[in-house]
Amino acid sequence: MMKNQKKATWKYTLLRVLIFCFCCALILIFISPLTNNFPKPWSEFLLGTIATILVFGLTIAFTRWEKIQLRDIGVIPNRQTLRKFILGFSIGLLLVFLQVMLVLAVSHSKLIIVPGLSIKPILIMFSLYFILALREELAFRGFPLRSLNYAIGSWKSQLIIASIFSLEHLAGGYTLFQAFLGAGIGAILFGIAALKSKGIALPVGIHLAWNFGQWCAGFKNEPGIWQNFIEKGFEAKHEQISFTFYILVMGLAILSFYFYHKKGNSTTHNAGTNSERPD
């Protein structure tokens with residue numbers, strides 16, 4: 001599509017993206033009361049599963065409305081999907097490991113393995129975080145990010161989607177600081193991974209590994225495989241240190257994706273992506 005045609009249509013693309021994200025929010029609003037009667041984590045797993053199916057249905061409808069194909073936004077599995085997912089999962093685990101080790105090195109806390117833990121709760125939490133990561137990546141880094149990327153370029157689309165992602169977390173109970181600086185930075189990482197790899201498999205892997213790894217290390221305010229014991233009186237300082245190192249490792253990951261692209265593909269000038277819209 002020619003540049004003048006893209007300029008003429010980007011407002012319609014943005015409108016469709018906003019409608020899509022609003023519909024995704026409505027899905028959570030209407031499905032959540034139907035699953036609340038189930039005990040956790042099954043209520044969350046059921047909510048995530050139903051929402052993922054419905055978001056994928058929305059994705060089909062909106063890609064047709066936008067006149068692009070599902071393969072153009074990277075939500076259809078192919079021969080590279082598993083490899084990208086495993087790579088993303090490995091990157092996510094590395095990020096968790098770095099953050100946890102840095103926090104333990106400078107804070108008044110330690111990890112103690114949970115006694116008598118069976119494989120069942122580990123598999124349940126892995127499955128839960130997988131379906132939640134898949135839902136969020138479909139809802140934000142699928143149709144919304146990729147269609148905007150074709151219309152207005154990578155960093156403008158990134159900022160728009162990161163803002164919407166932050167607003168969803170704000171509505172979910174995050175503080176303003178946590179939503180926009182915490183979830184927002186995560187959104188940039190997942191977004192650049194999606195644009196660089198031209199699909200959601202890589203960011204789903206990173207997203208899953210980050211949340212599951214944090215749970216394993218007891219950094220989700222509940223015991224995982226380990227329990228994070230914080231010395232009394234250092235709880236607030238521990239939270240500050242954890243957040244500081246979160247920003248550090250996420251920032252390093254974003255820069256790594258950005259500069260790896262700049263080195264590896266000098267023919268593209270748009271922050272790790274090809275923003276040319278498919279015909």
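None of these values were measured; they are calculated from a predicted model.

Calculation notes
Residues numbered from 1 in each chain as written. Predicted model: local features only at pLDDT ≥ 70, side-chain atom pairs only at ≥ 80, totals over all residues. Heavy atoms only, no water. Helix = DSSP H or I, 4+ residues; strand = E, 2+ residues; numbered from the N terminus. Rg over C-alpha atoms; globule rule 2.2 N^0.38 Å. Buried < 20%, exposed > 50% of the residue type's maximum accessible area, 1.4 Å probe, protein only. Contact = heavy atoms within 4.5 Å. Areas by Shrake-Rupley, 256 points an atom, 1.4 Å probe, with all protein chains shown as cover. Lys, Arg positive; Asp, Glu negative; His and termini not counted. Charge placed at Lys NZ, Arg CZ, Asp CG, Glu CD. Axes fitted to C-alpha atoms, helices over the stretch in contact; angles between N-to-C directions. Parallel < 35°, antiparallel > 145°, perpendicular 65-115°, else oblique. Left-handed = near helix turned anticlockwise from the far one by under 90°. Nonpolar A, V, L, I, M, F, W, Y, C, P; charged D, E, K, R; others polar. Core = buried A, V, L, I, M, F, W, Y, C linked by side-chain atoms within 4.5 Å. Polar contact = N/O pair within 3.5 Å; in protein donor to acceptor, adjacent residues only side chain to side chain.

A. View of the overall build of the chain. Helix and strand counts for the chain stand at eight helices and two strands. The N-to-C order of helical and strand elements in the chain reads α-α-α-β-α-α-α-α-β-α. For the chain, the C-alpha radius of gyration of 19 Å lies close to 19 Å, the compact-globule estimate for 279 residues. Dimensions of the chain, computed from C-alpha atoms along their principal axes, come out at roughly 60 × 45 × 40 Å. Out of the 279 residues belonging to the chain, those deemed buried represent 48%. Here the contacts in the chain between residues at least 6 apart in sequence split such that 78% fall between residues at least 24 apart. Just so you have it, the chain exposes about 14,700 Å², and 67% of that area is on carbon and sulfur atoms. Looking at the chain, you have 26 positive and 12 negative side-chain charges, and the mean spots of the two groups are 9 Å apart.

B. A look at the packing of helix 2 (residues 42-66) against helix 4 (residues 119-152). Their axes nearest at 9 Å, the elements helix 2 and helix 4 cross at an angle of 20°. The angle between helix 2 and helix 4 places the two elements in the roughly parallel class. You can see that helix 2 and helix 4 cross each other, and the crossing is left-handed. Residues of the contact of helix 2 with helix 4, tallied by class, amount to 14 nonpolar, seven polar and three charged.

C. Just unusual backbone geometry, in detail. The linkage connecting lysine 40 with the following residue, proline 41, adopts the cis geometry, with an omega of 0°. Here proline 41 is to be found in the loop between helix 1 (3-35) and helix 2. Of note, lysine 67 is a non-glycine position whose phi angle comes to about 65°, a positive value. Relative to the helices and strands, lysine 67 resides in the loop between helix 2 and helix 3 (81-106). One non-glycine residue with positive phi stands out, namely asparagine 221, at about 60°. Within the secondary structure, asparagine 221 sits in the loop between helix 7 (201-216) and strand 2 (226-230). Accessibility expressed as a relative area gives 80% for asparagine 221, which makes it exposed.

D. A look at the nonpolar core. Counting residues in hydrophobic clusters, the biggest one holds 71 residues, and the most contacted among them are Phe20, Leu189, Phe212 and Trp215. Mapped by element, the contributors of at least two residues to this core are helix 1, helix 2, helix 3, helix 4, helix 5 (154-171), helix 6 (176-197), helix 7 and helix 8 (235-264). The element best represented in this core is helix 4, accounting for 13 residues. In contact with phenylalanine 212, not counting residues within four places along its chain, are Ile122, Met125, Phe126 and Tyr129.

E. The arrangement of the packing of helix 4 against helix 6 in detail. At their nearest, the axes of helix 4 and helix 6 sit 10 Å apart, and the two run at 60° to each other. With respect to each other, helix 4 and helix 6 are oriented oblique. Crossing hand, helix 4 versus helix 6: right-handed. Two secondary-structure elements touch here, helix 4 through Glu137, Arg141, Leu145, Arg146 and Asn149 and helix 6 through Ala187, Phe190, Gly191, Ala194 and Leu195. Counted by class, the contact of helix 4 with helix 6 contains five nonpolar, two polar and three charged residues.

F. Focus on the side chain of arginine 16. With respect to the element layout, arginine 16 can be found in helix 1. Overall, arginine 16 belongs to the buried group, its relative accessible area being 13%. In this structure the side chain of arginine 16 is engaged in a polar contact, spanning 2.4 Å, whose partner is the side chain of glutamate 66. Setting aside anything within four residues of it in sequence, one finds arginine 16 in contact with Phe62, Trp65, Glu66 and Phe143.

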